[in-house]
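Inside the fold
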Amino acid sequence: MYSAQTQNPDNAMRMVVLDSSGTAMQRISTLLPSFEGYRLHHQRQLGGLRRLLNMAAVDLVFLHCEHSMSTCRRTVEILRNLAPELPIIVVADGMSDQQGELLQAIGASDYLPLEQLSRPLIKRTLSYVIRHEKQSRQLKRLRHHDPLTRISNRTSFYRALNALLDSPAKQSPMALLTIDIDGFTRLNHNLGPRGGDAIVLMLSKRLQQALQPSEQLARIGTDEFAMLIQPRGGENIYPYTKTRAAQLLSLLTPPYRYNGHDTMAHCSIGVAMVPEHGERGDDIIRRASLARFKAKKTHGCSYALFDESLETHISNAPSAMEAEMFTALRANQFTLYYQPRVELNSGRIIGAEALIRWLHPKKGLIMPDAFIPLAEESGLIVPIGYWAVHSAGISLMKLRAQGLLQGRIGVNLSFRQFKDEQLAATITRIIEQQQIDTCALEFELTESALIKDERHVRACIEQLNALGIAFSLDDFGTGYSSFALLQKLPIHTLKIDRSFISNVHCNPDDAEIVRAIINLAHNLEKAVIAEGVETREQLDFLQAHGCDQVQGYYFSRPIPFEEFEQMLRDNQPTLAQPTPSDAAYSDS
Ligand code: C2E
Ligand code: CA
Ligand code: CA
């Protein structure tokens, strides 16, 4: 509910009917009697309601539109400003749909005809409005919080930082620190993803302990944190930051205990000054990260401050890795592995996600997290992405020719690929040349792709959708998702991020979020896939709550095409015999 529950001991909904004549109050109170637990209060004027809102003692308002439309509009606007999340239901006689929709556009939750108001109608509206408000609240929480550590996430940190930089009031100098673990990929590999998560969580707790009241902390990457610090009482920012960085390092250095063993995790801290080192949040975070890379060159825990020489050093020299990736593309060193998607109703494999691997002639198998970020930064993701569509297209045609594939193959599209003006045209050409059946192709997008340049992205998606390609929203819950965007775009499926699934059976918050996402998807008539399902408990939970499909190590790791093809040939309902195990299909 909108209000603080502390002031509402019996937990009933406190609804205010705002009408000067009293006719609406009379009608509504007969339909929602107090003996059924409804708490209705009558207010004739806005002033009285305003006082109640200030005391956070209102959960919902019925607004009787009894004078002119313009008065009603103004009242909705005032209420929206006073209480942005308060559900407002307008009741009126003789209001046209057009007028009602206009009021909804400026913030009314719904509108109802007063004379024909019936018990079923009012109860259905209440339950719809309340459910919608609950889902918006949950989405908001998802937008702002990192599910693992429960601190702010990247999106909300960027937003807060940019708001700070944009604020006209002159800010006293601050320092932005980015902190991460050296060699985290290796650590994650050695301890397994659960172990990796546990270390990140412990690191986050140590940072939270060190946090002063005025400081901000967020998790902005897998093992990467950002912290904004500010000296109190006019102390000079440079010596202050030096002292704070040293304090943090001494807190982060002691070993981390996981599964009865001590693990060393060396941390590096990079520092950039705000606003000295950039006018935009992006620039400042990037510069703090450059400083952190410098710190990494020192053995053990250390920190470094950004200076201009770091910038020129990086930007002029394309890395050796970049050159190697370029060669890899020509020499056919990339390959796609396939991770089955299992339909929960039938227990059958109905599709797969295509995941890229680099078979390096000297270094062996390289996982995408180690090269996709650089490919995105350098733009090489554009040709690599086309290669992936081409390669997945050939595979899916092979499977269809044998009648093995019922569903779709999902190919990941990076936000960076949308910067390519020719995206839709090139994909159309690949599809035509290879005669790819688009009804078996799907693109997986992350929410970040959608918010970069909405209009262009939308146009591309619509063009590709017209060819028959479906779209799914990847890592759902970790980024920014608005209802409006979800409804506007032809997105067919939401993929619940792995981080919510890992503790779904033991963490009530995660369970609630997963339930909310499944409901949200179904309300919007979209399918929902849970990613990263590793255990029977997780599967049981998802099945009990109506999730449509699952993907995860519980059924299979991503595997080479030939193995996937064989698996489809043997495709028995997989739920009955929950193998193969992790060990049976190893991609590392
Ligand atoms: P993603 O799209 O979220 O892919 C799912 C990742 O979760 C895959 O990691 C997959 O192996 C892993 N995974 C699946 N089930 C489980 C599970 O039960 N437990 C755990 N711990 N992990 C599981 P992978 O293959 O390393 O890929 C990482 C990311 O690289 C992908 O994340 C995607 O963002 C990116 N990527 C992979 N292939 C491509 C590609 O062709 N193009 C682009 N642009 N990005 C790609
Ligand atoms: Ca994906
Ligand atoms: Ca994903």
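All of these numbers come straight from a predicted model, not from anything done at the bench.

Moving on, we get to the overall build of the chain. Assigned secondary structure in the chain consists of 21 helices and 23 strands. The C-alpha atoms of the chain give 27 Å as radius of gyration, which agrees with the globular expectation for 588 residues (25 Å, within 12%). Its C-alpha atoms give the chain principal-axis dimensions of roughly 85 × 70 × 50 Å. Residues counted as buried form 51% of the 588 residues belonging to the chain. Counted over contacts in the chain with a minimum sequence separation of 6, partners at least 24 positions apart contribute 69%. Of the roughly 27,500 Å² that the chain leaves accessible, carbon and sulfur atoms contribute 51%.

Turning our eyes to something else, we now look at the coordination of the calcium ion (ligand 2). Here the calcium ion (ligand 2) is held by Glu353 (OE), Asn412 (OD1), Glu444 (OE) and Asp474 (OD), and the distances to it run 2.2 to 2.3 Å. Residue Asn412 is classed as partly exposed on the basis of its relative accessible area of 30%.

With that settled, consider the nonpolar core. Counting 87 residues, the largest nonpolar core has Ile409, Phe443 and Leu542 as its most contacted members. With 10 residues, the top contributor of residues to this core is helix 13 (residues 381-401). Dropping the residues within four chain positions of it, Ile409 is found in contact with Tyr338, Ala352, Ala354, Ala392, Leu396, Leu399, Ala440, Leu441, Glu442 and Phe564. Of all hydrophobic cores here, the second largest spans 29 residues; its members include Leu148, Ile181, Tyr258 and Ala265.

Taken as a whole and judged by the stated rule, the model has 23 salt bridges. Ionic pairing is found between Arg150 and Asp510, a salt bridge with its closest N-O pair at 3.0 Å. Within this pair, whereas Arg150 is found in the loop between helix 5 (119-144) and strand 6 (152-153), its partner Asp510 is found in helix 19 (residues 508-523), the two being separated by 360 residues in sequence. Take Arg150: its relative accessible area is 36%, and that puts it in the partly exposed class.

Around ligand 1, 23 residues are found, and the nearest of them are Gln339, Arg357, Asp474, Glu534 and Tyr553. With respect to ligand 1, the side chain of Glu353 contributes an N or O atom lying 3.1 Å from an oxygen atom. Protein chains shield 88% of the accessible area of ligand 1, which is 800 Å² for the free molecule. Of all the secondary-structure elements, those providing two or more residues to the shell around ligand 1 are strand 15 (349-360) and strand 19 (470-476). Looking at which element gives the most residues to the shell around ligand 1, the answer is strand 15, with four residues. Grouping the amino acids of the shell around ligand 1 by side-chain chemistry returns 10 nonpolar, five polar and eight charged.

Moving on to the domain arrangement of the chain. Per the domain assignment, the segments of the chain are domain 1 (3-144), domain 2 (154-316) and domain 3 (320-570). When each unit is reduced to the centre of its C-alpha atoms, the spacing between domain 1 and domain 3 is 41 Å. Surface buried jointly by domain 1 and domain 3 totals about 1,100 Å² across both partners, of which 57% is contributed by carbon and sulfur atoms. A per-residue breakdown of the area domain 1 buries against domain 3 is headed by Leu139, Leu142 and Arg143, which together make up 50% of the total. On the surface where domain 1 and domain 3 come into contact, there are zero salt bridges. The interface formed by domain 1 and domain 3 contains zero residue pairs in polar contact (both at pLDDT 80 or more). Among the residues forming the side of domain 1 that touches domain 3, the class breakdown is two nonpolar, four polar and three charged.

Moving on to empty space enclosed by the protein. As enumerated under the stated definition, the model contains one cavity of 30 Å³ or more in all. Approximately 60 Å³ is the volume found for the largest cavity. Every residue lining the largest cavity is listed: Gln135, Gln138, Leu139, Leu142, Ile513, Ala516, Ile517 and Leu520. Split into classes, the residues belonging to the lining of the largest cavity amount to six nonpolar, two polar and no charged.

In this section: the state of the cysteines. The full count for this structure, using the stated rule, is zero disulfides. Sulfur of Cys65: no disulfide; nearest cysteine sulfur belongs to Cys72 and is 3.2 Å away. Take Cys65: its relative accessible area is 11%, and that puts it in the buried class. Of all cysteine sulfurs, the one in Cys267 lies closest to Cys301, which takes part in no disulfide; the gap is 5.3 Å. On the accessibility criterion, Cys301 (22% relative accessible area) is partly exposed.

The strands making up a sheet are joined through hydrogen bonds of the backbone, oriented either antiparallel or parallel. Pairing in this open sheet of six strands is mixed, and the strands run 6-8-9-7-12-13 from one edge to the other. Strand pairing shows two members of the sheet lacking a second neighbour, strand 6 and strand 13 (302-305), which therefore form its edges. Alignment of strand 6 against strand 8 (residues 216-219), held across two bridges, turns out to be parallel. Bridged to Asn153 within strand 8 is Arg219. Across the sheet, helix 7 (residues 184-210) touches strand 7 (174-181), strand 8, strand 9 (225-229) and strand 12 (267-274), and the angle it forms with strand 9 is around 20 degrees.

What counts, and at which threshold
Here the residue numbers are simple positions, counted from 1 along each chain's written sequence. All chains are assigned letters beginning at A, and all ligands numbers beginning at 1, according to the order in which they are written. Only residues with pLDDT of 70 or above have their local features reported here, since the model is predicted, and side-chain atom pairs are shown and tallied only from 80 upward, although totals for entire chains, interfaces and linings are computed over all residues. For the side-chain quantities, the full set of heavy atoms in the structure was used; hydrogens and water were omitted. Each helix is a run of DSSP H or I of at least 4 residues and each strand a run of E of at least 2, with the numbering of both proceeding from the N terminus. Atoms counted for the radius of gyration: C-alpha only. Globule rule: 2.2 Å times residue count to the power 0.38. A 1.4 Å probe rolled over the protein chains alone gives each residue an accessible area, and that area as a share of the maximum for its type sets the label: buried under 20%, exposed over 50%, partly exposed in between. We call two residues in contact whenever any of their non-hydrogen atoms come within 4.5 Å of each other. Every accessible area reported is derived by Shrake-Rupley at a probe size of 1.4 Å, with residue values counting cover from the shown protein chains alone. Nitrogen, oxygen and sulfur within 2.8 Å of a metal are treated as its donors, or within 3.2 Å for sodium, potassium and calcium (Na, K, Ca); water is not counted, so a site can appear incomplete. Only buried residues count toward a nonpolar core, which is a set of Ala, Val, Leu, Ile, Met, Phe, Trp, Tyr and Cys residues joined through side-chain atoms within 4.5 Å. Salt bridges are defined as contacts in which a side-chain nitrogen from Lys or Arg sits within 4 Å of a carboxyl oxygen from Asp or Glu. One heavy atom within 4 Å of a molecule or strand is enough for the residue carrying it to be called near that molecule or strand. Polar contacts, as used here, are pairs of N or O atoms within 3.5 Å; protein pairs need one atom able to donate a hydrogen and one able to accept it. Residues neighboring in sequence count only if both atoms are side-chain atoms. For this classification, the nonpolar set comprises Ala, Val, Leu, Ile, Met, Phe, Trp, Tyr, Cys and Pro, the charged set comprises Asp, Glu, Lys and Arg, and every other residue, Gly included, is treated as polar. These domain limits were set by an automatic method or by a database of domain assignments. A quick way to say it: buried area is the sum, across both parts, of accessible area lost when two parts are put together, with a 1.4 Å probe. A cavity here means a set of points on a 1 Å grid, drawn over the protein atoms and nothing else, where a 1.4 Å probe fits but cannot get out; a pocket is an open set with protein on both sides within 12 Å along at least five of seven lines, and a residue lines either one if it has an atom within 4 Å of a point. Grid points are joined across faces, edges and corners, and a volume is the space filled by probe spheres set on the points. A pair of cysteine sulfur atoms is labelled a disulfide when the two atoms are within 2.5 Å. Pairing between strands requires that DSSP locate at least two bridges from one strand to the other. Lines are fitted to the C-alpha atoms to define the axes, a helix being fitted only along its stretch in contact, and any angle between axes, read from their N-to-C directions, falls within 0 to 180 degrees.

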